[in-house]
Amino acid sequence: DKNLENAEEAAEQFKLIQAAYDVLSDPQERAWYDNHREALLKGGVDGDYQDDSLDLLHYFTVNCYSGYGDDEKGFFTVYRLVFEKIAKEEMECMTQEDIEEFPTFGYSQSDYDTVVHPFYAYWQSFCTQKNFAWKEEYDTRQASNRWEKRAMEKENKKTREKARKERNELVRQLVAFIRKRDKRVKAHRKLVEEQNAEKARKAEEFRRQQKLKQAKLAEQYKEQSWITMSDLERELQEMEAQYEKEFEDGSDYAELEEQETKDVEDKLNDENEEAEFVDGLYCPACDKLLKTEKAMKNHEKSKKHREMVALLRQQLEEEEGKFPVSLGDADGTHTKEEEETEDMPKQK
């Protein structure tokens, strides 16, 4: 209504805006558009889309560069431009929040630690950000039901994953091809080998010095031990001479020492026997000799001991019943025969 002079063109633009609004307002339509945006912007999804990504197969040969200089056809210039092109393609598929910095290939004189190593560390594990929606075989908008739509989405996902995997492998293989021929990598590998050889030489020299030091300490230790043993032998000889002088003969001293040892052992044996006799406890009912008071108490609690005591008491009572108490027993006197009987050991 504000473009009365160009009403037809304004109407066409309004139709496009209305179609875009219809797509963006529908969650499913908008998701499909986001997944196929690149294909739609470059020709549509009806088979007319042409992938304009850089063909990396042309760079798997030594004919693509000339020499290892920084000139236009040089090794470092050619491959630096290749990876700048790959990085640009990846950034086009990223959102503003996902944009990251891609390490550059550098030049012939670039530092290994700050340029060369970060470059190969990143690109050897490269993963593309492209979704490869233009590789899909089915248009899910044409599905008649949700089961058919799910089947289409499953097949499309397999196709996209296969394309992404092939792209990642191709880039990684190119990186391996370049790294094998990179003069900077070869120079760094040679430097590392020289450093390792120098470290190994220093380690071997250090081990040799340690062995010499240990051998010297061992030699000094043996010499000191020999001196100490010589002094000890001399002291022993002096002691033997002194004992021989005191006892006139070493054999007499040995016999005297042996006799003293024997006497001490006999005395200890006698003491042990006496202690056993004194400490021993005798049970007259059971006619048993016990070693300790604890053993005696345990024995007195036993059933066998109580039975023997009861039997002994019964026998004594029977004997007392057969022989009446005499006048001498009442007066506290004992006959000679009774005294002899008491002196005899008690029987069961």
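Residues numbered from 1 in each chain as written. Predicted model: local features only at pLDDT ≥ 70, side-chain atom pairs only at ≥ 80, totals over all residues. Heavy atoms only, no water.

1. Quick notes on the overall build of the chain
Across its full length, the chain holds 12 helices and 2 strands. Reading the chain from its N end, one meets helices and strands in the order α-α-α-α-α-α-α-α-β-β-α-α-α-α. Residues counted as buried form 18% of the 348 residues belonging to the chain. In the chain, the proportion of contacts linking residues at least 24 apart, taken out of those at least 6 apart, comes to 56%. Here the chain displays about 27,700 Å² of accessible surface, and carbon together with sulfur accounts for 51% of that area. (Helix = DSSP H or I, 4+ residues; strand = E, 2+ residues; numbered from the N terminus. Buried < 20%, exposed > 50% of the residue type's maximum accessible area, 1.4 Å probe, protein only. Contact = heavy atoms within 4.5 Å. Areas by Shrake-Rupley, 256 points an atom, 1.4 Å probe, with all protein chains shown as cover.)

2. Here's the deal with the pattern of salt bridges
With the rule as written, the count across this model stands at 8 salt bridges. Note that Glu89 is salt-bridged to Arg167, the shortest N-O span being 3.3 Å. Of this pair, Glu89 sits in helix 4 (residues 75-92) while Arg167 sits in helix 6 (residues 146-181), placing them 78 residues apart in sequence. Take Glu89: its relative accessible area is 7%, and that puts it in the buried class. On the accessibility criterion, Arg167 (8% relative accessible area) is buried. With its nearest N and O atoms 2.5 Å apart, the salt bridge here joins Glu198 to Arg201. Of the two residues, Glu198 and Arg201 both sit in helix 7 (residues 183-247), 3 residues apart, roughly one turn of that helix. What you see here is one network of salt bridges that share partners, running through Glu89, Lys130 and Arg167. (Salt bridge = Lys/Arg side-chain N within 4 Å of Asp/Glu carboxyl O.)

3. Topic: the side chain of Thr77
If you trace the backbone, Thr77 turns up in helix 4. Among residues more than four places away in sequence, those in contact with Thr77 are Gly69, Asp70, Asp71 and Glu72.

4. Describing the nonpolar core
For soluble globular proteins, the rule of thumb is that nonpolar side chains tend to be buried together. Counting residues in hydrophobic clusters, the biggest one holds 28 residues, and the most contacted among them are Tyr79, Trp123 and Ile178. Among the elements of the structure, helix 4, helix 5 (112-123) and helix 6 are those that each provide at least two residues to this core. Element by element, the count of residues in this core is highest for helix 4, at 8 residues. Ignoring sequence-local partners within four residues, the contact set of Ile178 consists of Phe75, Tyr79, Phe83, Phe105 and Tyr120. Among the nonpolar cores identified, the runner-up in size contains 5 residues, and Cys283, Ala285, Leu290 and Met296 belong to it. (Core = buried A, V, L, I, M, F, W, Y, C linked by side-chain atoms within 4.5 Å.)

5. Topic: the packing of helix 4 against helix 6
Between helix 4 and helix 6, the shortest axis-to-axis distance is 12 Å and the interhelical angle comes to 160 degrees. Our classification of the angle between helix 4 and helix 6 gives roughly antiparallel. Both helix 4 and helix 6 take part in a crossing whose hand is left-handed. In this structure, helix 4 uses Phe75, Tyr79, Val82, Phe83, Ile86 and Glu89 to contact helix 6, whose residues at the interface are Arg167, Leu174, Val175, Phe177, Ile178 and Arg181. A class-by-class count of the residues in the contact of helix 4 with helix 6 yields 9 nonpolar, no polar and 3 charged. (Axes fitted to C-alpha atoms, helices over the stretch in contact; angles between N-to-C directions. Parallel < 35°, antiparallel > 145°, perpendicular 65-115°, else oblique. Left-handed = near helix turned anticlockwise from the far one by under 90°. Nonpolar A, V, L, I, M, F, W, Y, C, P; charged D, E, K, R; others polar.)

6. Here's the deal with the side chain of Arg184
Examined against the element boundaries, Arg184 turns out to sit in helix 7. For Arg184, a relative accessible area of 8% puts it in the buried group. In terms of polar contacts, Arg184 uses its side chain to reach the backbone carbonyl oxygen of Phe105, at 3.0 Å. Sequence-distant contacts of Arg184, defined by excluding residues within four places in its chain, comprise Phe76, Phe105, Gly106, Tyr107, Ser108, Ser110, Tyr112 and Val116. (Polar contact = N/O pair within 3.5 Å; in protein donor to acceptor, adjacent residues only side chain to side chain.)

7. Here we look at a nonpolar patch on the surface
Residues Leu232, Leu236, Met239 and Tyr243 make up a contiguous nonpolar surface patch of about 370 Å² in total accessible area. Structurally, Leu232 can be placed in helix 7. Residue Leu232 is classed as partly exposed on the basis of its relative accessible area of 41%. (Patch = residues over 30% accessible without salt bridge, like charges linked within 9 Å, V, L, I, M, F, W, Y side chains within 5 Å.)

8. Here we look at the environment of His299
Tracing the backbone shows His299 in helix 9 (residues 293-301). Taking the C-alpha atoms as reference points, His299 and Cys283, separated by 16 residues in sequence, lie 8.8 Å from one another. If we ignore the near neighbours within four places in the chain, the residues touching His299 are Cys283, Cys286, Lys288, Leu290 and His305.

9. Looking at the confidence of the model for the chain
Taken residue by residue, the chain gives an average pLDDT of 77. The fraction at 70 or more is 74%. Confidence scores differ between elements of the chain, with helix 11 (residues 327-330) showing the lowest mean pLDDT of 45 and helix 5 the highest of 93. Predicted confidence for residues 275-279 stays below pLDDT 50, and this span has 3 contacts to residues more than four positions away or in other chains. This model gives residues 326-343 a pLDDT under 50, and the stretch forms 6 contacts once residues within four places in sequence are excluded. (pLDDT = per-residue confidence, 0-100.)

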